[in-house]
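# Architecture and fold: a report
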Amino acid sequence: MKPSLLVARAVFPEVLEKLTMHFELTSNQDDTLWSSVELIRQLQDKVGVFTTGSERIDAAVLSACPDLKICANMAVGFNNFDVVAMTAAGVLATNAPDVLTETTADFGFGLLLATARRITESEHFLRAGRWHRWRYDMFAGAEVHGSTLGILGMGRIGQGIARRGAHGFGMQVIYHNRARLDEATEVACGAHYVSKEELLKRCDHLVLVLPYSAESHHAIGAAELAQMKPTATLVNIARGGIVDDVALAAALRQGRLAAAGLDVFEGEPTVHPDLVALSNVVLTPHIASATIPTRRAMANLAADNLIGFLIHGQPLTPLNPQVLGR
Ligand code: GLV
């Protein structure tokens, strides 16, 4: 008998077909939003689950689903997993790194350009029929080329943004990260390591690309925003919760920060009304990795982790490989 698997959200039909070759599938192809109680109900007797970043797998879920052996996330971020609890329960966690790096870096840079150059704000103005004549300072934004790009979190996506800034736009790139990169990688990215304080003070554009955890919760709050230039822009393509959205909205409203580009929000898909009310914010619905080839590659990697582990004993991108030997 084939092992039983749950696909918790809608996914590409060909990925479902591939999984069907190996597993007895239950699939939420209707993409119904399940409560945690419903998720637990659906997980009964399943040995594996295909998740996106939206399904929370924690100690309560694990103890209610004793057959579960692997959770494969179709996302590079995995803050929806309590990896410590999963490891304690002997459940493998996998994510979907690498395949989305360049696509996500493209989007981060695009959001920076849209924010600094006021692209969506000016489009709204035009669509509202308010464009009657040219004016020398109309929608004058911030310079991107030649300015200072700050990156907080310098993993693969941060490095992709650094390369675009340094080599494509002639920017001075400074970064802060838990660990400094080796010299060869710094040279390839054209990036210089600085303290978080120096990063905040010096940058003209700050891009956040760090993972979300208890440690990075509100890494950018009122105190950090106060250290930034009032002409600076902030872009968040990492996770909601890294920025204190209320403090950010206040800084933007009071002219203490020029503009923000946000793809992620605290409590998304709800977006704080203070942010929605501001015209100097570009808002997008968590789409940084959203191209069809990249989303397909992410879905295939999650599926291959399930097949690799449950059928061949070898996952591709395990987050807690220590459970493998057990
Ligand atoms: C998207 O946010 C991801 O983590 O892949």
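Refer to the structure presented above.
Residues numbered from 1 in each chain as written. Predicted model: local features only at pLDDT ≥ 70, side-chain atom pairs only at ≥ 80, totals over all residues. Heavy atoms only, no water.

## Some details on the overall build of the protein chain
- Each helix and strand in the protein chain was counted, giving 13 helices and twelve strands.
- Against the globule reference of 20 Å for 326 residues, the protein chain gives a C-alpha radius of gyration of 21 Å, in line with a compact fold.
- Overall, the C-alpha framework of the protein chain stretches about 70 × 50 × 35 Å when taken along its three principal axes.
- Looking at the protein chain as a whole, 49% of its 326 residues qualify as buried. (Helix = DSSP H or I, 4+ residues; strand = E, 2+ residues; numbered from the N terminus. Rg over C-alpha atoms; globule rule 2.2 N^0.38 Å. Buried < 20%, exposed > 50% of the residue type's maximum accessible area, 1.4 Å probe, protein only.)

## Overview of the site of the ligand
- Ala75, Val76, Gly77, Leu100, Arg239, His286 and Met298 make up every residue found near the ligand.
- Measuring from an oxygen atom of the ligand, one finds a backbone N or O atom of Val76 at 2.8 Å.
- The contact in question runs from an oxygen atom of the ligand to an N or O atom on the side chain of His286, over 2.6 Å.
- Protein contacts shield 86% of the accessible area of the ligand, which totals 190 Å² for the unbound molecule. (Near = heavy atom within 4 Å. Polar contact = N/O pair within 3.5 Å; in protein donor to acceptor, adjacent residues only side chain to side chain. Areas by Shrake-Rupley, 256 points an atom, 1.4 Å probe, with all protein chains shown as cover.)

## A look at the packing of helix α1 (residues 13–20) against helix α13 (residues 292–310)
- One can describe the packing of α1 onto α13 by two numbers: an axis separation of 10 Å at closest approach and a directional angle of 10 degrees. The orientation of α1 with respect to α13, classified from their angle, is roughly parallel. Contact with α1, carried on its side by Glu14, Val15, Lys18 and Leu19, involves Arg296, Ala299, Asn300, Ala303, Asp304, Leu306 and Ile307 of α13 and no other residues of that element.
- Grouping the amino acids of the contact of α1 with α13 by side-chain chemistry returns six nonpolar, one polar and four charged. (Axes fitted to C-alpha atoms, helices over the stretch in contact; angles between N-to-C directions. Parallel < 35°, antiparallel > 145°, perpendicular 65-115°, else oblique. Contact = heavy atoms within 4.5 Å. Nonpolar A, V, L, I, M, F, W, Y, C, P; charged D, E, K, R; others polar.)

## Some details on the state of the cysteines
- Summed over all chains, the structure comprises zero disulfides.
- Of the cysteine sulfurs around Cys65, a residue in no disulfide, the closest is that of Cys71, at 8.7 Å.
- Look at Cys65 and you get buried, because its relative accessible area is 3%. (Disulfide = S-S within 2.5 Å.)

## Observations concerning the nonpolar core
- Ranked by size, the top nonpolar core spans 30 residues in total, and within it Leu206, Leu208, Ile220, Leu225, Leu234, Leu248 and Leu257 carry the most contacts.
- Tallying contributions element by element places helix α11 (residues 245–253) first for this core, with five residues.
- Apart from residues lying up to four places away in sequence, Leu225 is in contact with Ile220, Leu234, Ala247, Leu248, Ala251 and Leu257.
- Ranked by size, the runner-up nonpolar core spans 27 residues in total, among them Leu112, Leu149, Met171 and Leu181. (Core = buried A, V, L, I, M, F, W, Y, C linked by side-chain atoms within 4.5 Å.)

## Focus: the sheet that holds strand β6 (residues 148–152)
- The parallel open sheet is built from seven strands, whose spatial order is β8-β7-β6-β9-β10-β11-β12. The strands lining the two open edges of the sheet, one partner per strand, are β8 (191–193) and β12 (281–283). For this sheet, the mean angle separating the axes of adjacent strands, direction not counted, is 20 degrees.
- By the bridge criterion, five bridges tie β6 to strand β7 (residues 172–176) in an arrangement that is parallel. In the strand pairing of β7, Leu149 is matched with Val173.
- Across the sheet, helix α5 (residues 101–116) touches β6, β9 (205–208), β10 (233–236), β11 (259–262) and β12, and the angle it forms with β10 is around 150 degrees. (Pairing = 2+ DSSP bridges.)

## Focus on the pattern of salt bridges
- Applying the stated criterion to the full structure yields 18 salt bridges.
- Here Asp31 and Arg9 are joined by a salt bridge, their closest N and O atoms 2.7 Å apart. With Asp31 in the loop between β2 (24–27) and α2 (36–43) and Arg9 in the loop between β1 (4–7) and α1, this residue pair connects regions lying 22 residues apart in the sequence.
- Overall, Arg9 belongs to the buried group, its relative accessible area being 16%.
- Arg135 is the partner of Asp137 in a salt bridge, and the nearest nitrogen-oxygen pair spans 2.6 Å.
- In the salt-bridge network here, residues are joined through shared partners; they are Glu102, Asp106, Arg163 and Arg164. (Salt bridge = Lys/Arg side-chain N within 4 Å of Asp/Glu carboxyl O.)

## Here's the deal with helix α7 (residues 156–168)
- With 13 residues, α7 extends 17 Å from end C-alpha to end C-alpha; this agrees with the ideal 18 Å at 1.5 Å per step.
- The set of residues buried in α7 consists of Ile157, Gly158, Gln159, Gly160, Ile161, Ala162, Arg164, Gly165 and Ala166.
- Positive phi shows up at Gly170, right after α7, with a value of about 55 degrees. (Expected span 1.5 Å × (residues − 1).)

## Considerations on α1
- Taken as a whole, α1 has its buried residues at Val15, Leu16 and Leu19. Seen end-on, α1 carries its buried residues on one side only, within an arc spanning 100 degrees. Looking at α1, the residues exposed on the side facing more than 90 degrees away from the buried face are Pro13 and Glu17.
- On its buried side, α1 packs onto β1, β2, β3 (48–51) and α13. (Arc of directions from axis to C-beta.)

## Some points on the pairing of β3
- Residues Gly48 and Phe50 line one face of β3 and the alternating positions Val49 and Thr51 line the opposite face, and both faces are buried.
- Note that β1 and β3 share three bridges and pair parallel. Bridging from a neighbouring strand, Leu5 pairs with Gly48 of β3.
- Alignment of β3 against strand β4 (residues 70–73), held across four bridges, turns out to be parallel. Looking at β4, one finds that Phe50 is bridged to Ala72.
- Following the backbone out of β3, through helix α3 (residues 59–64) and into the adjacent parallel β4, one traces a crossover that is right-handed. (Right-handed = clockwise from strand over helix to strand, strands pointing away.)

Geometric descriptors of this kind do not, in isolation, establish any biological role.
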